[in-house]
Amino acid sequence: MNAELFLRIFAVSIMTSGVVARSNAGPENVPEEWQIRTERTGFRETCRYDETIEFCKRLADASDWIHHTTFGKTPVGRDLPLVIASTGGEFDVRKARASGKRIVLVQNAIHPGECDGKDAALMLLRDIAITKQQAHLLQNVVLLVIPIYNVDGYERFGPYNRINQNGPEAMGWRATAQNLNLNRDYMKADAPETRAWLKLFNEWLPDLHLDTHATNGGDWQYDMMPAWERSAVAPTTIVEWMEKTLRPNLYSGLIEDGHEPIDYFGLVDRWDLEKGIRSGPFDPRFSNGYVAIRNRASILVESHMLKSHRTRVMGQYSVLRHSLEITNRYGDSLGKAIATADAQAAGFGRSFDPDRKIAISARSSSESEPITFKGYAVERRLSEVSGSVWLEYDRSRPALYGIPHFNQSEVAKDVVPPVAYVIPPQWGHAIEVIEAHGLQTRRLSAPRTLSVEGFHLTEPKFGARPYEGRFRVSFAIKASKEDREFPAGSVVVPLDQPGARVAIHLLEPEAPDSLVAWGFFNAIFEQKEYAEGYVLEKMAREMMDGDPKLRKEFEDKITRDPDFAKDPRARLYFFYQRTPYWDKEFGRYPVARILSGADLAISVSD
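Residues numbered from 1 in each chain as written. Predicted model: local features only at pLDDT ≥ 70, side-chain atom pairs only at ≥ 80, totals over all residues. Heavy atoms only, no water.

**Here we look at the packing of aromatic side chains**
Argument step 1. Evaluation of the coordinates by the stated rule reveals 28 aromatic pairs.
Argument step 2. Summarising the aromatic geometry, the rings of Phe554 and Phe575 are spaced 4.8 Å apart at their centres and angled 55° between planes, so their arrangement reads as tilted. Highlighted residues: Phe554 in helix H13 (residues 548-560) and Phe575 in helix H15 (residues 568-576), separated in sequence by 21 residues. For the pair shown, Phe554 and Phe575 are each scored as buried.
Argument step 3. Pairing Trp582 with Phe586 gives two aromatic rings, centres 5.6 Å apart and planes at 85°, and the pair type is edge-to-face.
Argument step 4. On the basis of relative accessible area, Trp582 is assigned to the buried category, the value being 13%.
Argument step 5. Taken together, the ring pairs connect Tyr186, Trp197, Phe201 and Tyr290 into an aromatic cluster. (Phe/Tyr/Trp six-rings, centres within 6.5 Å; stacked < 30°, edge-to-face > 60°. Helix = DSSP H or I, 4+ residues; strand = E, 2+ residues; numbered from the N terminus. Buried < 20%, exposed > 50% of the residue type's maximum accessible area, 1.4 Å probe, protein only.)

As structure tokens, then:
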């Protein structure tokens, strides 16, 4: 299909870059000694890790507003850098909170090839503390900046790391030294970098978080594509603040600076723009999805990879600047939204309410609104190279498309939260992750029998290949009420705490990023004792002779289930599973839900 077969196209008169940045969009008259490599090279290059650290230390030496420190180490042993900017010397969280200022965390280079935000953040720190062009941004804000998050990936530096990206000449690599994508690791927390980040986040609990990226995908006129979690999985008050306060002010500022923003999206059909675009929800494995369930505001800041490095850096600069201005101006309303979200989450564990449901996953809905999409003319043709469709975007022909924007979501799965979860002590690797997220826990000092809701997980289906170093698993689930004995040292995770949403997402088995879905409990799906066929043949006959109902159940299953009927082992195990020899722990989910406040009181009375 060529461009004429899309919805009606209107030619528009803009530069082929799609963006004309105004002179007031960024820094002016910066002394040469304070220009970063990106500026000195006309945005052809970006600085290496050591050069970045040296610049941050120079800022700290030159300004009382800047403090340089570290917040952990990579698996290779490199320092994870952190810069704190404050006009009042609030360089520790106690002073920052006492000041009444809002805390903003900006992290860059989680994907080190996408280094635009790192350059923008360094320039902004300089313009705050050295040239003072942006000094007002610290009036009511304490700013934390991670210049480079994925340090080891950043130092896998070279010119061939981002085939889809327009500059700089060389950049870092997407994954860590352990080949993990940190922006899939927020819940499972396998990477040392993630554990360090969680410790930092737990300490500071920033009010606003920004995570800078560059996109992949097709070609269009837009250069900045912010995103935040807006589904029912996120606290309502946070979503409302983002939608009603941050979004309109941020977008108007970006447009004033000469940028072209749109909500981050994907094509409904990668070959056919006519079918529309989709801005969907984010699971908590992603930064903005995770920070949302921490009851905080978070922006995924995506610049368009095919725009020039200059345009992308200046777009990130503009997003950071306007986000800080908005936080300075509307910090009180953000604080109220956070306080309400924290209180609401802590209320989950005060009592069990069977009518209260919490969304744990969302999906895009069929609802859409019309949008005039700013793209380019595109030719769709069969490729003699790949034998598939080849899309050719023509930047010399900017065009408008009338298409649907699917920007609404619906709840895919919800749960009635318990008052607490309990997990036996032998599952220490899972308990470590729970504690790394900063959740309040208690341990049983003696064995306890508790009335709980438990789960048996059956029909496991494992991924065919590893995903982020793990074999994920899906399963069928059966819940039941039971009295279960838990040994001393078992960990109780009460939900009367602000981090309740995180506990729910970690421990509800059907949550998309639960620990069990990530493979932390895969051993429960392994059968360890078996029955020989000759033993079961005799036993099955005896069981059917003594129980006509069992015989009928077996015969009915043979009749209606052809796969079962032709599987000798399944037929014999039908009886094995109904004997006292069957392992009742096979497939039992180790984590249980405490539904009663009285049972919770018993469990934590130690």
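Having put the structure on the table, let's press on.
**Notes on the pattern of salt bridges**
Argument step 1. In total, this model carries 49 salt bridges according to the counting rule given.
Argument step 2. Lys188 is the salt-bridge partner of Asp185, the closest N and O atoms lying 2.8 Å from each other.
Argument step 3. You can call Asp185 buried: its relative accessible area is 0%.
Argument step 4. Using a relative accessible area of 1% as the deciding quantity, one classes Lys188 as buried.
Argument step 5. Between Arg593 and Glu453 there is a salt bridge, and its shortest N-O distance comes to 2.6 Å. (Salt bridge = Lys/Arg side-chain N within 4 Å of Asp/Glu carboxyl O.)

**Some remarks on the pairing of strand S19 (residues 491-494)**
Argument step 1. In S19, alternate side chains face the same way, and those of Val491 and Val493 on one face and Val492 and Pro494 on the other are all buried.
Argument step 2. One ladder, built from two bridges, connects strand S16 (residues 442-443) with S19; its direction is antiparallel. Following the sheet pairing, Arg443 is matched in S19 by Val491. (Pairing = 2+ DSSP bridges.)

**What to know about helix H4 (residues 116-129)**
Argument step 1. Under the 1.5 Å per step criterion, the end-to-end length of H4 is 20 Å for 14 residues, consistent within 8% with the ideal 20 Å.
Argument step 2. Of all the 14 residues making up H4, 14 are buried; the element is thus mostly covered by neighbouring parts of the structure. (Expected span 1.5 Å × (residues − 1).)

**Focus: the nonpolar core**
Argument step 1. Trp197 and Phe521 are the most contacted members of the largest nonpolar core, which totals 76 residues.
Argument step 2. Residues Ala121, Ile128, Trp228 and Leu246 belong to the second largest nonpolar core, which totals 51 residues. (Core = buried A, V, L, I, M, F, W, Y, C linked by side-chain atoms within 4.5 Å.)

**Overview of the environment of Ser308**
Argument step 1. Here Ser308 lies in the loop between strand S10 (297-303) and helix H9 (309-346).
Argument step 2. Take Ser308: its relative accessible area is 30%, and that puts it in the partly exposed class.
Argument step 3. Separated by 240 residues in the primary sequence, Ser308 and Pro548 have C-alpha atoms spaced 77 Å apart.
Argument step 4. A polar atom in the side chain of Ser308 sits 3.0 Å from the side chain of Thr311. (Polar contact = N/O pair within 3.5 Å; in protein donor to acceptor, adjacent residues only side chain to side chain.)

**A look at unusual backbone geometry**
Argument step 1. Cis geometry is found at the peptide bond from Gly167 to Pro168, where omega equals 0°.
Argument step 2. With respect to the element layout, Pro168 can be found in the loop between helix H5 (151-154) and helix H6 (192-204).
Argument step 3. With a phi close to 60°, Ala109 is a non-glycine residue in the positive phi region.
Argument step 4. If you trace the backbone, Ala109 turns up in the loop between strand S4 (102-107) and H4.
Argument step 5. Note on Ala109: relative accessible area 0%, which makes it buried.

**With respect to the packing of H4 against H9**
Argument step 1. H9 packs onto H4 with a crossing angle of 55° between their chain directions and a minimal axis gap of 8 Å. Viewed along their axes, H4 and H9 adopt a mutual orientation that is oblique. For the pair H4 and H9, the crossing hand works out as right-handed. Contacts between H4 and H9 involve Asp116, Gly117, Asp119, Ala120, Ala121, Met123, Leu124 and Asp127 on the former and, on the latter, His309, Arg312, Val313, Met314, Gln316, Tyr317, Leu320, Arg321 and Leu324.
Argument step 2. Of the residues that constitute the contact of H4 with H9, the class distribution is nine nonpolar, three polar and five charged. (Axes fitted to C-alpha atoms, helices over the stretch in contact; angles between N-to-C directions. Parallel < 35°, antiparallel > 145°, perpendicular 65-115°, else oblique. Left-handed = near helix turned anticlockwise from the far one by under 90°. Contact = heavy atoms within 4.5 Å. Nonpolar A, V, L, I, M, F, W, Y, C, P; charged D, E, K, R; others polar.)

**A short note on the state of the cysteines**
Argument step 1. Applying the stated criterion across every chain yields a total of zero disulfides.
Argument step 2. Cys47 takes part in no disulfide bond, and the closest cysteine sulfur to it belongs to Cys56, at a distance of 8.4 Å.
Argument step 3. Residue classification places Cys56 among the buried positions, given a relative accessible area of 0%. (Disulfide = S-S within 2.5 Å.)

**Brief notes about the sheet that holds S10**
Argument step 1. Pairing within the open sheet is mixed, and its seven strands lie in the order S2-S3-S5-S4-S6-S10-S7. Looking at the sheet topology across the chains shown, the edges are occupied by strand S2 (66-73) and strand S7 (224-227). Pairs of neighbouring strands in the sheet enclose a mean axial angle of 20°, with direction left out of account.
Argument step 2. Packed onto the sheet, helix H2 (residues 49-62) meets S2 and strand S3 (79-85) and runs at close to 140° relative to S2.
Argument step 3. Across the sheet, H9 lies against S4, strand S5 (141-146), strand S6 (208-214), S7 and S10, angled at about 165° from S6, the strand it touches most.

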